[in-house]
Amino acid sequence: MKIATWNINGVKARLEGAVTWLRETSPDVACFQEIKSVDEAFPAEAFEELGYNVAVHGQKGFNGVAILAKRPFDEVTVRGLPGDANDSHARYIEVIVARPGGVVRVGNLYLPNGNPVGTDKFSYKLAWMQRLRKRAVDLLKLEEPFVLVGDYNVIPEPIDAKNPQAWTQDALFQPETRAAYRSLLNLGLTDTVRACYPGPGLYTFWDYQAGAWQKDHGIRIDHILASPQAADRLVAAGVDKFTRGWEKPSDHVPVWIELADD
DNA sequence: ATGGTTGGTAGCCAA
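Quick caveat, the model's predicted, so the values are computed rather than measured. (Residues numbered from 1 in each chain as written. Chains lettered and ligands numbered in written order. Predicted model: local features only at pLDDT ≥ 70, side-chain atom pairs only at ≥ 80, totals over all residues. Heavy atoms only, no water.)

Caption draft 1: Looking closely at the protein's contact with DNA strand B. Residues in contact with DNA strand B amount to 15 residues; listed here are only the nearest, Gly10, Gly61, Lys121, Tyr208 and Gln209. A distance of 3.3 Å separates a phosphate oxygen of DNA strand B from a polar atom in the side chain of Arg91. Between Lys121 and DNA strand B, the recorded distance is 3.1 Å, taken from a side-chain N or O atom to a phosphate oxygen. Top contributing element to the surface near DNA strand B by residue count: helix α1 (residues 11-25), with three residues. (Near = heavy atom within 4 Å. Polar contact = N/O pair within 3.5 Å; in protein donor to acceptor, adjacent residues only side chain to side chain. Helix = DSSP H or I, 4+ residues; strand = E, 2+ residues; numbered from the N terminus.)

Here's what the structure looks like:
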């Protein structure tokens, strides 16, 4: 079973690219972030025509997440990250999807960017990461296969940036940000791409500005974290770098894993 | 090199 995540940076702007990517790579589950669309305007029909069931948690103008799954899911377990009733940002959706021999729970997240450091935006990012940790703690108690996928807006280690010194003032690479991400891993979650590719040079984001793509000035900030029961079934992981070279690309590229059937 | 580009929106804001 193939599970993929992609920050598409606007579903209206990326519909053609998203459909092409789905046709070419046919993931069983595809998680999108930054759809920048309200639920009613999300082009679900275009994805249903490809055989996907669709769940959306959107909002006007920015943020927004969606899950597409070829296999059925009974219901959307969670819309919006639990833990703060006053948080109006559409950044989390979670479903339980059928899997050969069982189920897998998929949490799709768009973690706050947090820039500039020292503002309420950075405080919001760190608080959001604490709430995500709480969600992971609750899910781990179930001792079931689950994955937390999406745009984490976290550069975990210096090897996850072409030029780490260029990010030292950025919210994505602050010590507090990296520590919060590490605390997620230390609960017992596996960074699946890191597990399959321990070395440097693998990136998921290249800024539109300053020729970042042409210079390979990339960072790895889109991640798939797996529970022990999911990590036990991990057979492959990868990054679909080729989409960044397309016409009208997203600044992020897809990340995926393959889980063995039971 | 304190720049540069894109998407959604109609506020320039968010990234």
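Caption draft 2: Up close: the pairing of strand β6 (residues 92-99). Of all eight residues making up β6, six are buried, and the element is well covered by its neighbours. Here strand β5 (residues 73-79) runs beside β6; their pairing, made up of four bridges, is antiparallel. Looking at the pairing, Arg79 lines up with Ile93 of β6. Where β6 lies against strand β7 (residues 102-110), eight bridges are found, and the strand directions are antiparallel. Counterpart to Ile96 in the pairing with β7 is Arg105. What sits between the antiparallel neighbours β6 and β7 is a turn of two residues, in which Gly101 has the positive phi angle 90°. (Buried < 20%, exposed > 50% of the residue type's maximum accessible area, 1.4 Å probe, protein only. Pairing = 2+ DSSP bridges.)

Caption draft 3: Quick peek at the packing of aromatic side chains. Using the criterion set out here, one finds eight aromatic pairs in the structure. Ring centres of Phe32 and Phe47 lie 5.7 Å apart, and the angle between their planes is 55°; this geometry places the pair in the tilted category. Linking Phe32 in strand β2 (residues 29-33) with Phe47 in helix α2 (residues 44-48), this pair joins segments that are 15 residues apart in sequence. Judged by relative accessible area, which is 0%, Phe47 ranks as buried. (Phe/Tyr/Trp six-rings, centres within 6.5 Å; stacked < 30°, edge-to-face > 60°.)

Caption draft 4: Looking closely at the sheet that holds strand β13 (residues 234-239). A sheet is described by the order of its strands in space; here six strands give the open sequence β3-β4-β2-β1-β14-β13, paired in mixed fashion. The open sheet has two free edges, formed respectively by β3 (53-57) and β13, since each of these has just one partner strand. The sheet shows a mean angle of 15° between the axes of neighbouring strands, taken without regard to direction. As paired elements, β2 and strand β4 (residues 65-69) share five bridges and run antiparallel to each other. Of the residues in β4, the one forming a bridge with Val29 is Ala69. Docked against the sheet, α1 engages β1 (2-7), β2 and β4, running at close to 160° with respect to β1. (Axes fitted to C-alpha atoms, helices over the stretch in contact; angles between N-to-C directions. Contact = heavy atoms within 4.5 Å.)

Caption draft 5: The environment of Leu189, seen in detail. The residue Leu189 is located in the loop between α4 (175-186) and β9 (190-191) in this model. Residue classification places Leu189 among the buried positions, given a relative accessible area of 6%. Considering only alpha carbons, one finds Leu189 and Asn115, 74 residues apart in sequence, at a separation of 26 Å. When neighbours within four sequence positions are excluded, Leu189 is seen to be in contact with Ala136, Leu140, Phe146, Leu148, Leu184, Leu225, Ala226 and Ser227.

Caption draft 6: Structural detail: the nonpolar core. Of all hydrophobic cores here, the largest spans 30 residues; its most connected members are Ile3, Val29, Val97, Val106 and Val147. For this core, the secondary-structure elements that each account for two or more residues are β2, β4, β6, β7, β8 (146-151), β12 (222-226), β13 and β14 (255-259). Once you skip the residues sitting within four places of it in the chain, Val97 turns out to touch Met1, Val29, Ala69, Arg71, Pro72, Phe73, Gly102, Val103, Val104 and Val106. (Core = buried A, V, L, I, M, F, W, Y, C linked by side-chain atoms within 4.5 Å.)

Caption draft 7: Main features of the environment of Ile219. With respect to the secondary-structure elements, Ile219 resides in strand β11 (residues 218-219). Each C-alpha atom, one on Ile219 and one on Leu202, is 7.7 Å from the other, the two residues being 17 residues apart in sequence. Not counting residues up to four positions away in its chain, the partners in contact with Ile219 are Ile155, Asp160, Ala161, Trp167, Leu172, Tyr203, Thr204 and Phe205.

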